[in-house]
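So the chains spell out like this:
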Amino acid sequence: MLLVPVEYDDITMEEAEDETRRLTGNFLNLEKNGTYGITSVNGKTLLPVMYDDVELLKYIDQGKHKGAWFVADNGEGYVVVNAVNQIVIPFEYDDIEVVNRTDGEEFYFSVELVEMVTTASGVEKPEFKKGLCTSKGKMIFPAEYDEIRAVTCYNSGKEKVYFMEEMDNQFCGEVLFFVAGKELQHGLFSVTGEEILPLTYSLIMPMRKYEPDNIATDFLFLVGDNQQYGVIASDGRVIVPVKYEEIENDMLDGVIIVHAGEEIYYYRHTGEILLTAPSGGVAPTEEELI
């Protein structure tokens, strides 16, 4: 039985790996007159032979969640297409990468545009603009940001641990929020790209050693603006005004420790100021503050 007609210049195997690193799916990469396409191993055409280049980008086979995505080049830019040749990401980007799988159903693609800009000294240099979209093609961030990072959660067994990570393909913790930046100004966004804090802060990072009652409203972020610092909740409430010289990122029993010159201030995670102590004082526990 002939699966692929004898009309191609080259046929190579694309081996797919799932998240457990086991070989779970194979595809045939067809070449004809300098153009490429993809078929399944049983000969079903997935992508017609029409692209300047095509390769497997992502493969999932986990129960009801199954699919394949390919990155293809038509000479004008890169596109992501699924296994039925539907365009997920259009032809307009210089680079596309898989950056994270949030669960068995959906993950993210990082997209990048490269523009040549002329500096004040007349030298041309590349400028990289990043964006982010889901595997279903929903654009979360257009490709106009200098950086995009994810606030993620890992369950270490004993406690939940929070990180802020670059959007690359090395992590797979649960994504809670995004921090995006332009020209060293950063904003906070939900997982769907809705703005929580505008792009006005030089620093946004999650507070450590604190387990919020509600991620959407009570998650706390250390923020900085013009070398002054404060704490803001994930629903935009100001917990500690952005006016202090230093705020310790590690909370102690729900207490935020704030430095202002020789003084130390203590704030509850709800925003109540508790007491003032000389520099070097020790933060009280929650029980001592009641």
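Visitor: Where do I start with the overall build of the protein chain in this structure?
Guide: Check the secondary structure of the protein chain and you find two helices and 25 strands. The 290 residues of the protein chain split such that 41% are buried. Pairs at least 24 residues apart make up 31% of the contacts formed inside the protein chain by residues separated by at least 6 positions. Element-wise, carbon and sulfur atoms account for 47% of the exposed surface of the protein chain, whose accessible area totals about 15,400 Å².

Visitor: Explanation requested: the pairing of strand 3 (residues 35–40) in the structure shown.
Guide: The two faces of the sheet receive side chains in turn, since in a regular strand these alternate between them. Where strand 3 lies against strand 4 (residues 45–51), three bridges are found, and the strand directions are antiparallel. Looking across to strand 4, one finds that Tyr 36 is bridged to Tyr 51. With antiparallel pairing between neighbouring strands as the criterion, strand 3 and strand 4 make up a hairpin whose turn holds four residues, including Gly 43 at a positive phi of roughly 95 degrees.

Visitor: I keep staring at the pairing of strand 21 (residues 238–244) and nothing clicks. Help me out?
Guide: As judged from the three bridges shared by strand 20 (residues 228–233) and strand 21, these two strands associate in the antiparallel manner. Each bridged residue has a counterpart across the sheet, and for Ile 232 the counterpart in strand 21 is Val 238. Where strand 20 folds back onto strand 21 in an antiparallel hairpin, the turn is made up of four residues, including Gly 236, whose phi is positive at roughly 95 degrees.

Visitor: Got a minute to help me understand the side chain of His 186 in this structure?
Guide: Residue position: His 186 is located in strand 16 (residues 185–189). A relative accessible area of 5% places His 186 in the buried class. Looking at His 186, its side chain comes within polar contact range of the main-chain oxygen of Ser 202, at 3.3 Å. If we skip the residues at most four places from it in the chain, His 186 touches Glu 147, Arg 149, Val 179, Ala 180, Gly 181, Pro 198, Leu 199, Thr 200, Tyr 201, Ser 202, Leu 203 and Ile 204.

Visitor: Would you mind going over the sheet that holds strand 21 with me for this structure?
Guide: Two orientations exist for strands paired in a sheet by backbone hydrogen bonds: parallel and antiparallel. Ordered by their spatial adjacency, four strands build an open sheet running 18-19-20-21, and the pairing between neighbours is antiparallel. Across the chains shown, the open sheet's two edge strands, defined by having one partner strand only, are strand 18 (203–206) and strand 21. Neighbour to neighbour, the strand axes of the sheet diverge by 20 degrees on average, direction disregarded. As defined by bridge partners, strand 19 (residues 220–225) adjoins strand 20 across six bridges and the pair is classed as antiparallel. Pairing of Asp 225 across the sheet is with Gln 228, part of strand 20.

Visitor: Even after reading the chapter, I still don't get the confidence of the model for the protein chain, so can you show me in this structure?
Guide: Fine structural detail should not be taken from predicted coordinates in areas where pLDDT scores are low. Put simply, the protein chain has an average pLDDT of 80, and 79% of its residues get 70 or more. Mean pLDDT values for the elements of the protein chain range from 50 in helix 2 (residues 286–289) up to 96 in strand 16. This stretch, residues 18–24, has a pLDDT under 50; its non-local contacts, to residues over four places away or in other chains, come to 17 contacts.

Visitor: Would you mind showing me how to read the nonpolar core here?
Guide: A general trend in soluble globular proteins is that nonpolar side chains are found buried together. Among the nonpolar cores identified, the biggest contains 15 residues, and Val 80, Ile 89, Tyr 93, Ile 96 and Phe 109 are the most heavily contacted of them. Counting residues per element, this core draws most heavily on strand 10 (residues 107–118), at four residues.

Visitor: So what exactly am I meant to see when it comes to the packing of aromatic side chains here?
Guide: The geometry of two aromatic rings is summed up by the distance between their centres and the angle between their planes. The tally for this structure, following the rule as stated, stands at twelve aromatic pairs. Ring geometry for Phe 141 and Phe 178: centres 5.6 Å apart, planes at 90 degrees, overall edge-to-face. Residue Phe 141 is located in strand 12 (residues 139–145), and its partner Phe 178 is located in strand 15 (residues 174–182); the two are separated by 37 residues in the primary sequence. Between Phe 177 and Phe 221, the ring centres sit 5.3 Å apart and the planes meet at 85 degrees, which makes this aromatic pair edge-to-face. Highlighted residues: Phe 177 in strand 15 and Phe 221 in strand 19, separated in sequence by 44 residues. The burial state of Phe 177 is the same as that of Phe 221; both residues are buried.

Visitor: Would you explain the pattern of salt bridges in this entry?
Guide: Once their charged atoms are close, side chains differing in charge can pair, the charge on each being opposite to the other. Here the structure, examined in full by the defined rule, presents nine salt bridges. Across the salt bridge formed by Glu 272 and Arg 268, the nearest N and O atoms sit 3.8 Å from each other. Here the salt bridges do not stand alone but share partners, grouping Glu 127, Lys 129 and Asp 146 into one network.

Each value, and the rule that gives it
Residues numbered from 1 in each chain as written. Predicted model: local features only at pLDDT ≥ 70, side-chain atom pairs only at ≥ 80, totals over all residues. Heavy atoms only, no water. Helix = DSSP H or I, 4+ residues; strand = E, 2+ residues; numbered from the N terminus. Buried < 20%, exposed > 50% of the residue type's maximum accessible area, 1.4 Å probe, protein only. Contact = heavy atoms within 4.5 Å. Areas by Shrake-Rupley, 256 points an atom, 1.4 Å probe, with all protein chains shown as cover. Pairing = 2+ DSSP bridges. Polar contact = N/O pair within 3.5 Å; in protein donor to acceptor, adjacent residues only side chain to side chain. Axes fitted to C-alpha atoms, helices over the stretch in contact; angles between N-to-C directions. pLDDT = per-residue confidence, 0-100. Core = buried A, V, L, I, M, F, W, Y, C linked by side-chain atoms within 4.5 Å. Phe/Tyr/Trp six-rings, centres within 6.5 Å; stacked < 30°, edge-to-face > 60°. Salt bridge = Lys/Arg side-chain N within 4 Å of Asp/Glu carboxyl O.

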